[in-house]
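Structure assessment
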Amino acid sequence: MLHLSAPTGRVINGRVSLPTSKSITNRVFIIQALLGQAFAIQQAAVCADTQAMQQALQQQKQAQKNSGNYTHLTVNANIGHAGTAMRFLTAYFCLQPHTTILDGSEQMRQRPIAPLVQALQQLGAHITYLNQPGYPPIQIHGNLKPLEGGQITIDASISSQFLSAVLLIAPALPKGLILEWKGQLVSQGYINMTLQVMQYFGVKAQFGSGFIRIKPQTYQPRPIHIPPDWSAASYIYALAALSREASIKLPNLALHPNWQPDAIIKTWMRQLGVRTQPCETNPQTDLIITKKGYGHTPPLLQLPFLNSPDLAQTMAVVCAALNIEGHFTGLQTLRHKETQRITALQTELAKIGTNFLPTNATNYNSATLKPAPLPNHILPCFATYNDHRMALSLSGLAMVMPRGIQIMQPQVVEKSFPTYWEVLQNLGFLVKNLG
């Protein structure tokens with residue numbers, strides 16, 4: 001458990017080196033594995049999610065090296081809490097000439113994978129559930145019949161990663177792929193990211209109305225520099241928004257191309273007095289975010305999260321801290337993340353008097369946040385539910401609670417932002433490990 005207290009005078013000045021994008025890194029790792037040829041990956045993200053992906057791919061490579069007959073080979077891969085690795089590797093291992101057992105943590109065993117499995121089965125994949133139907137662990141029989149490609153339909157209402165997983169392997173299919181979807185397309189920004197990364201490596205796609213078509217192609221090796229993660233940047237923006245005054249330099253965040261949908265955070269935070277500008281010393285690469293004085297905050301923020309669901313917790317906490325009513329839409333995927341994030345937000349924000357209420361108790365697509373004056377006399381202790389984004393977003397409340405806050409399971413930030421608590425210390429926060 002950690003105890004966090006705000007910097008003196010709630011003033012933040014400093015420089016933050018953000019982790020690089022794990023979303024882009026994991027896509028690049030899959031492309032490199034499909035290509036079977038190494039190329040330079042500069043500043044690959046180093047966190048639990050990317051390490052789980054690397055370990056599974058290395059495990060497969062070593063197992064193949066030690067086996068004389070791939071068709072009799074079984075690779076056992078456990079990816080822990082890494083949801084991206086689970087989805088992307090499910091599709092990737094369908095192309096491999098051996099059997100794979102793909103498993104994860106108890107938490108991962110509760111995250112649905114059926115829409116992806118059903119889509120791959122339409123392509124001829126042989127996948128069986130080893131425990132609860134629709135959930136990991138799964139057994140992939142890649143040695144039974146090579147996938148040829150063709151036309152498939154996939155449920156796009158749960159996770160964009162299901163679509164991205166199939167798209168990444170599409171160029172390797174002899175018949176290519178025509179992917180159609182049913183349901184509302186969620187997190188389209190991440191579909192765009194997948195296609196943009198693929199295009200960077202020489203693969204073209206046609207994105208039409210209700211379909212994506214990819215012809216058989218070959219990825220082309222070329223070096224890539226992974227940019228900083230805009231999702232991680234959102235927590236630094238939140239600290240600035242909750243400060244009295246801030247000036248924080250973010251190196252390399254201005255690097256182009258920018259494929260990350262969570263860059264919308266800089267637009268949203270402008271409404272809260274946080275300004276984003278190129279840094280005078282390195283305007284081509286570095287950004288500086290500033291805030292001066294508490295100033296005026298709007299009484300209401302209406303925010304759509306369908307394309308950037310990972311920002312929902314950040315903005316909910318900021319609204320609660322600044323006594324701003326929030327009307328949030330596009331929240332449907334929050335039920336299928338590391339935890340049931342809407343329920344988790346309800347429980348934790350209630351500790352400071354904020355009501356976070358789904359507008360529809362059936363589908364949880366939207367919610368209303370009703371804040372209250374902060375209870376200054378308490379020292380709230382926040383649970384994190386094995387969810388890195390709960391810890392990262394809730395930490396901002398240390399800026400506004402006079403006695404600070406406590407964070408349970410602080411190590412969960414290792415999933416995406418392993419250095420986060422050190423970053424807070426360097427910005428002047430009191431960070432005390434309570435054991």
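Please refer to the structure placed before this passage.
Analysis parameters
- Residues numbered from 1 in each chain as written.
- Predicted model: local features only at pLDDT ≥ 70, side-chain atom pairs only at ≥ 80, totals over all residues.
- Heavy atoms only, no water.
- Buried < 20%, exposed > 50% of the residue type's maximum accessible area, 1.4 Å probe, protein only.
- Helix = DSSP H or I, 4+ residues; strand = E, 2+ residues; numbered from the N terminus.
- Pairing = 2+ DSSP bridges.
- Right-handed = clockwise from strand over helix to strand, strands pointing away.
- Expected span 1.5 Å × (residues − 1).
- Polar contact = N/O pair within 3.5 Å; in protein donor to acceptor, adjacent residues only side chain to side chain.
- Phe/Tyr/Trp six-rings, centres within 6.5 Å; stacked < 30°, edge-to-face > 60°.
- Lys NZ or Arg CZ within 6 Å of the ring centre and 35° of its normal.
- Axes fitted to C-alpha atoms, helices over the stretch in contact; angles between N-to-C directions.
- Parallel < 35°, antiparallel > 145°, perpendicular 65-115°, else oblique.
- Left-handed = near helix turned anticlockwise from the far one by under 90°.
- Contact = heavy atoms within 4.5 Å.
- Nonpolar A, V, L, I, M, F, W, Y, C, P; charged D, E, K, R; others polar.

**Description of the pairing of strand β17 (residues 325–329)**
Residues G326 and F328 point to one face of β17 and are all buried, whereas E325, H327 and T329, pointing to the other face, are not buried. Both strand β16 (residues 300–304) and β17 contribute to a ladder of five bridges, which runs parallel. When the sheet's bridge partners are listed, P304 is paired in β17 with T329. One crossover worth recording links β16 to the parallel β17 by way of helix α9 (residues 312–322), and it is right-handed.

**Quick word on helix α1 (residues 22–35)**
Taking 1.5 Å as the rise per residue, α1 with 14 residues should run 20 Å; its terminal C-alpha atoms sit 20 Å apart, in good agreement. Of all the 14 residues making up α1, 11 are buried; the element is thus mostly covered by neighbouring parts of the structure. Within the span of α1, buried status applies to K22, S23, I24, T25, N26, R27, V28, F29, I30, I31 and L35. Two to three positions downstream of the cap, the backbone nitrogen of S23 sits 3.4 Å from a side-chain oxygen, assigning the N-cap of α1 to S21. Directly beyond the C-terminal end of α1, a positive phi value near 70° is found at G36.

**Section: the sheet that holds strand β1 (residues 2–5)**
The sheet built from four strands is open, its strands ordered β20-β21-β1-β22 with mixed pairing. Only two strands of the sheet have a single neighbouring strand rather than two, namely β20 (381–382) and β22 (430–433). For β1 and strand β21 (residues 405–407), the ladder comprises three bridges, and the chain directions are antiparallel. Each residue of the ladder has a partner; that of H3, found in β21, is Q406.

**Observations concerning the packing of aromatic side chains**
The final tally for this structure, using the stated rule, is 11 aromatic pairs. On the basis of an interplanar angle of 80° and a centroid distance of 5.2 Å, the ring pair of W268 and F305 is categorised as edge-to-face. Taken together, the positions of W268 in helix α8 (residues 265–270) and F305 in the loop between β16 and α9 put the pair 37 residues apart, joining distant regions of the chain. The buried category is assigned to W268, whose relative accessible area is 8%. The class for F305 is buried, based on a relative accessible area of 0%. Taking NZ or CZ as reference, R222 lies 3.8 Å from the ring centre of Y200, over its face. Geometry around W230 places K266 over its ring, the cationic atom sitting 5.0 Å from the centre.

**A look at the packing of α1 against helix α5 (residues 160–169)**
At a minimum axis separation of 10 Å, α1 and α5 run at an interaxial angle of 30°. By the angle between their axes, α1 is roughly parallel relative to α5. Once α1 is placed against α5, the crossing between them reads as right-handed. The segment α1 lies against α5, with R27, I30, I31 and L34 engaging S164, L168 and I169. The class makeup of the residues in the contact of α1 with α5 is five nonpolar, one polar and one charged.

**As for the packing of α9 against helix α10 (residues 341–349)**
Running from N to C, α9 and α10 cross one another at 20°; their axes reach a closest spacing of 11 Å. One finds that α9 runs roughly parallel with respect to α10. Seen from above, α9 lies across α10 with right-handed handedness. Contacts between α9 and α10 involve Q313, A316, V317 and A320 from the first element and R341, L345 and L349 from the second. In terms of residue class, the contact of α9 with α10 is built from five nonpolar, one polar and one charged.

Just distances and angles here, no functional claims.
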